[in-house]
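Each chain is listed here by its residues.
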Amino acid sequence: MQKVVTENAAQTEAFAAQFAKGLQGPVVVAFFGGLGAGKTAFTRGLAKGLGITADVSSPTFALVHEYRGEKTLYHFDMYRVETWEDLYATGFFDDYETGGILACEWSENIEAALPENTIRVTIERGAHDTQRIITIEGEGAYENYGD
Ligand SMILES: Nc1ncnc2c1ncn2[C@@H]1O[C@H](COP(=O)(O)OP(=O)(O)O)[C@@H](O)[C@H]1O
Ligand SMILES: [Mg+2]
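Okay, so let's go over this structure. (Residues numbered from 1 in each chain as written. Chains lettered and ligands numbered in written order. Predicted model: local features only at pLDDT ≥ 70, side-chain atom pairs only at ≥ 80, totals over all residues. Heavy atoms only, no water.)

Here we take up the environment of Gly22. As for its placement among the helices and strands, Gly22 is situated in the loop between α1 (9–20) and β2 (27–32). A residue is classified by how much of its surface remains accessible, and Gly22, at 6% relative accessible area, is buried. Separated by 107 residues in the primary sequence, Gly22 and Asp129 place their C-alpha atoms 29 Å from one another. (Helix = DSSP H or I, 4+ residues; strand = E, 2+ residues; numbered from the N terminus. Buried < 20%, exposed > 50% of the residue type's maximum accessible area, 1.4 Å probe, protein only.)

As a further point, take unusual backbone geometry. A cis amide bond, omega 0°, links Gly25 with the succeeding residue Pro26. For Trp106, which is not glycine, the phi torsion reads 60° and is therefore positive. Structurally, the position occupied by Trp106 is in the loop between β5 (101–105) and β6 (119–125). Given the relative accessible area of 17%, Trp106 is considered buried.

Taken together, 15 residues form the shell around ligand 1, and within it Thr12, Gly36, Gly38, Lys39 and Ala41 come nearest. Backbone polar atom of Gly36 to an oxygen atom of ligand 1: 2.8 Å apart, as the coordinates give it. Backbone polar atom of Thr130 to a nitrogen atom of ligand 1: 2.9 Å apart, as the coordinates give it. Expressed as a share of its isolated accessible area of 560 Å², the protein-covered part of ligand 1 is 72%. Counting residues per element, the ones that place at least two in the shell around ligand 1 are α1 and α2 (39–49). A total of 3 residues in the shell around ligand 1 trace back to one element, the largest contributor, which is α2. (Near = heavy atom within 4 Å. Polar contact = N/O pair within 3.5 Å; in protein donor to acceptor, adjacent residues only side chain to side chain. Areas by Shrake-Rupley, 256 points an atom, 1.4 Å probe, with all protein chains shown as cover.)

Okay, structure coming up:
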């Protein structure tokens, strides 16, 4: 387990960008944390770290955005995913099969479907407005983190 405290969104992005460099697909980066926690901000950092220059926005309506970089990043919003059928329809399993990096907001909703090597990223609010406490757990995190 790894705990990181960030003082603003830029720090979260910078940490995530560094973190991304150690990721080996296929892997799910599963976010836990409510609205405004910083899940999209963290994913923006992942994209940057993978050399993706496209703007990363919340995939609320599309459910998934795909970004091609050094590795392909799939950014999911599982907020409306309630059943296995819903999850299949997002392409989650197919995208995993391709060896991609799957960043999943609202992973609370797909807990039962998370692969064993999932990296769990829990984002909580800290002592002040722009502070966040980021907890990273998962076997994959130990194997893959860092350069
Ligand atoms: N330390 C921080 N890390 C990430 N985001 C932060 C931080 N401090 C403030 N913020 C702000 O919180 C909001 C997080 O938004 P977003 O990433 O869209 O959250 P989520 O996807 O979890 O709903 C942004 O407005 C961001 O600027
Ligand atoms: Mg979001």
